[in-house]
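# Architecture and fold: a report
Listed below are the residues making up each chain.
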Amino acid sequence: MRVSELTRRRWQNFRSLPRAYISLILLIISFLASLASPLWINDKPLIFSWKSEIYTPIFNYYPDEEFGGKFKTEANYRKLFENHKFLENVSWSIFPIIAHDPLEQNLTGEEPPPHAPSQSHLLGTDTHGRDVLARLIYGYRNGMSFSLLLTLITGTLAIVIGGVQGYLGGKVDFLTQRFIEVWSSLPFLYVVIAIGSFMGRGFTMLLIVMSIFSWIGLSYYMRGEFLKLKNQNYVLACRVAGISNRRIFFNHILPNALTPLVTFIPFAIIGGITSLTALDFLGFGLNPPTPSWGELLAIGLDNRFAPWISISTVMALFFALLLTAFVGEGVREAFDPKGGKN
Amino acid sequence: MTSPLLKVKDLSLGVKTSNHLLQLTDRVSFDIGEGEMVALVGESGCGKSITAMAIAGLLPDPNGVKIEGEVVFEGKDLWKGNPKDWQNLRASRLSMIFQEPSSALNPLMPVSSQMAEIFTLKGRPVDMQHLRRSLDEVGIPDPDRVLKSYPHELSGGMLQRVMIAMALLLSPKLIIADEPTTALDVTVQAQVMEILTKLQKDIGTAILLITHNLGLVAQYANALNVMYAGRIVERANTRDFLAKPLHPYSHGLLKALPRLDGTPLEAIPGSVPSPDKFSDGCRFAERCTHRKEACSQPPPWKVRSGNEDGGYACILEGER
């Protein structure tokens, strides 16, 4: 694919705003890192050698029996690595940087959880003795994936529905518009609660429920763009030449109508993260014990004597949203025909 | 007389607004023979462009527009039969050139892929040699550079030439040129018109030239139809028309052209009435210096003496 002159200029404009460019890089790196988090946040060792054989517990399942235990269930590596008899046969081992699972409960200390930050729990633990840092990073992974998927689905729905409305116009447009008005007046939170109560509140379920509501705002923009562009001369020229509607829609109008969508994406991502956090905070979001920022915020609010929970979560939320907003600012700048240095 | 390439007969176009039907053109009829250049002349807002759109099948929404009369192209009525068929017919036999060349090409596609699209559409392999040759024919000095360019990298004159080259790719029988030179500089205008006439002669394509520029018509067109407020008020071949315009409106148009001998320009007072104020009687009456009582009746169509094809719609007998 050839990159058009315009796209190149926009990319240059985007890069000319350092905070947007740096934010984008940070977001991409942090998201990729969070996707790989089982490799570096885990209570299992990454790799170890026992009786001169190599074991990789993160990728493979080893029953307790393998290491001389009684059970067919997976070995409990934390207990094993405290066992002297076991350790005698271990010649070397590599643990993940953060040796905690987000679901692992540490109830061993003298005091009941939440534990304040310490060497083993850098950001402390929550009320269940789970590592806050591990939960923050896994929560980021969940929230960001959710938000990106939501934006993808929302964008596609908006393009298809708004685009068809704008392109066909007339009765289709009128009827769809009325349907959208009715649809958008459904109270979102009640629908989430109602559907969640009988369909369960999984990641996919929430994604579907939120997708069917959040395409509406963007579809207005797409409809407007298509209404405007379908009467451009080059579209008329295509029609005289007998080019099919589908081809006109996807090849000639859509690429020209993407500007509002692209500008909208960072803010849609912000919206996705905040709404998932809000739902989790209220307890209507992802099922516990799924790690999530909203749940951490709720725990933090209930345990104000353990400020490390709320402070770290608020900071994480703040930076994630700030970086995304910077990217959004950069994108807006890049698409501004009046702005930029070129 | 053999049947013409395009025959427009009593074409009336109306737009449905919320409470009534707005009649934009009223029984427009004209013919174009093979290889002829026929002009449709008139002020802004008199229905030229919508007539062209109707012929090209570009009326915005078929449900919102009321069409009466017939458009016969190569002996086939374009409103009858399957819409798919007209579209195929139009695609291969009829092309259109637009007023604003800068908006007539997709800004995000290089020229070559837009031209090539016409081949892929016909299921033919893309022939870059053919593209280069067609650009060469319309007087583009370095076709290779232009093919690689995006529309914003080319000037208006260049783009219009690309448009003409595209219009000619399938050797159409008829080209509708909707104000092809209005957005261009005068010098480029002349070049573009020269290219069009040259191609008209070489390939034998008929051209429907829609313009408000009588200068162009005088120089290039074989025949012309003067439109006013949705009606054709005079039809003549160019020579007759320039020698002796019969309708007072045509007369006024010619007087409004700048001349070399220094005669002051005479503007026609007033402006074209808007479609909701179109009357049954002569629509030019309000602005006409020869207005009579009888002008409130529909004007009679009178045949030009000496040339049966010409005629005009006025109660005057041609004496002024």
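Residues numbered from 1 in each chain as written. Chains lettered and ligands numbered in written order. Predicted model: local features only at pLDDT ≥ 70, side-chain atom pairs only at ≥ 80, totals over all residues. Heavy atoms only, no water.

### Side note on the sheet that holds strand β2 (residues 53-55) of chain A
Residue and element names in this part refer to chain A. Convention followed: Any two strands between which DSSP finds at least two bridges are classified as paired. What counts as a helix is a DSSP run of H or I of at least four residues, what counts as a strand is a run of E of at least two, and both are numbered from the N terminus. Axis definition: a line fit to C-alpha positions, over the contact stretch in the case of helices; interaxial angles, taken between N-to-C directions, run 0 to 180 degrees.
Spatial ordering of the open sheet is given by β2-β1-β3, a layout of three strands whose pairing is antiparallel. A single partner strand is all that each edge strand has here, and the edge strands are β2 and β3 (90-94). The mean angle between the axes of side-by-side strands here comes to 15°, regardless of whether they run parallel or antiparallel.

### So, the state of the cysteines
Residues and elements named next belong to chain B. In plain terms, the rule: Throughout, a disulfide means two cysteine sulfur atoms within 2.5 Å of one another. Partly exposed describes any residue whose relative accessible area lies between the buried limit of under 20% and the exposed limit of over 50%, with all areas from a 1.4 Å probe on protein chains only and scaled to the type maximum.
For the coordinates displayed, the defined rule picks out zero disulfides over all chains. With no disulfide partner, Cys288 has as its closest neighbouring cysteine sulfur the one in Cys314, 6.1 Å distant. By relative accessible area, which is 12% here, Cys288 ends up buried. In this model Cys314 remains outside any disulfide bridge; the closest cysteine sulfur is found in Cys282, 6.0 Å from its own.

### Considerations on unusual backbone geometry
The omega torsion of the bond from A:Pro288 to A:Pro289 falls at 10°, within 30 degrees of zero and hence cis. If you trace the backbone, A:Pro289 turns up in the loop between α12 (245-282) and α13 (293-302). Non-glycine residue A:Ser52 carries a positive phi angle of around 50°. Of note in the backbone geometry, B:Asp10 takes a positive phi value of approximately 50° without being a glycine. Relative to the helices and strands, B:Asp10 resides in strand β1 (residues 6-16).

### Section: the sheet that holds strand β5 (residues 76-77) of chain B
All names here are of chain B. We apply this condition: Contacts are assigned to residue pairs with any non-hydrogen atoms lying within 4.5 Å of each other.
What the four strands build is an open sheet, ordered β2-β1-β4-β5; its pairing is antiparallel. Each end of this open sheet is capped by a strand with a single partner; those strands are β2 (21-32) and β5. Bridging between β1 and β2 involves eight bridges; their strand directions are antiparallel. Each residue of the ladder has a partner; that of Val15, found in β2, is Leu22. Against the sheet, helix α1 (residues 48-56) contacts β1, β2 and β4 (65-73), and its axis sits at roughly 110° relative to β1.

### Observations regarding the interface of chain B and chain A
Stated formally: Definition used for salt bridges: Asp or Glu carboxyl oxygen within 4 Å of a side-chain nitrogen of Lys or Arg.
Taken together, the contacts link 29 residues of chain B with 21 residues of chain A. At the surface where chain B touches chain A, the tally comes to one salt bridge. Taking the shortest distance from any N to any O, the salt bridge between A:Arg247 and B:Glu117 comes out at 2.5 Å. Residue assignment for the side of chain B that touches chain A shows that the elements contributing at least two residues are α1, α2 (83-93), β6 (94-97) and α3 (111-121) of chain B.

### Comments concerning the confidence of the model for chain B
Spelled out, the test is: The predictor attaches a confidence to each residue, and that confidence, scored 0 to 100, is pLDDT.
Per-residue pLDDT for chain B averages 83, and the proportion of residues at 70 or more is 95%. Across chain B, the secondary-structure element scoring lowest on mean pLDDT is α2(B), at 71, and the one scoring highest is strand β3 (residues 37-41) of chain B, at 91.

### Looking at the nonpolar core
Note the following rule: Working definition of a nonpolar core: buried Ala, Val, Leu, Ile, Met, Phe, Trp, Tyr and Cys residues. They are joined through side-chain atoms within 4.5 Å.
Among the nonpolar cores identified, the biggest contains 100 residues, and B:Phe30, B:Met115, B:Val162, B:Leu174 and B:Ile176 are the most heavily contacted of them. In this view, B:Phe30 contacts B:Leu6, B:Lys7, B:Val8, B:Leu40, B:Thr51, B:Ile55, B:Leu208, B:Asn225, B:Ile232 and B:Arg235; residues no more than four positions away in its chain are not counted. Counting residues in hydrophobic clusters, the runner-up holds 27 residues, among them A:Val132, A:Leu296, A:Val327 and A:Val331.

### What about the pairing of β4(B)?
Residues and elements named next belong to chain B. Here β1 pairs with β4 via eight bridges, running antiparallel. Following the sheet pairing, Leu6 is matched in β4 by Phe73. Relative to β5, β4 runs antiparallel, the two sharing two bridges. When the sheet's bridge partners are listed, Phe73 is paired in β5 with Lys76. Hairpin remark: β4 followed by β5, antiparallel, with two residues in the connecting loop; positive phi at Glu74, about 50°.

### Topic: the packing of helix α6 (residues 132-168) of chain A against helix α14 (residues 307-335) of chain A
All names here are of chain A. Inclusion rule: If an angle is under 35 degrees, it is roughly parallel; if it is over 145, roughly antiparallel; if it lies from 65 to 115, roughly perpendicular; otherwise it is oblique. Crossing handedness: left-handed means the near helix sits turned counterclockwise from the far one by under a right angle, and right-handed means the same turn made clockwise. Side-chain classes are defined by residue name, with Ala, Val, Leu, Ile, Met, Phe, Trp, Tyr, Cys and Pro counting as nonpolar, Asp, Glu, Lys and Arg as charged, and the others, Gly among them, as polar.
For the pair α6 and α14, interaxial distance at closest approach is 11 Å and the crossing angle is 30°. With respect to their mutual orientation, α6 and α14 come out roughly parallel. Remark: the crossing between α6 and α14 carries right-handed chirality. In this structure, α6 contributes Val132, Leu136 and Tyr140 to the contact, and α14 contributes Trp308, Ile309, Ser312, Thr313, Ala316 and Ala320. When the residues that make up the contact of α6 with α14 are grouped by side-chain class, the tally is seven nonpolar, two polar and no charged.

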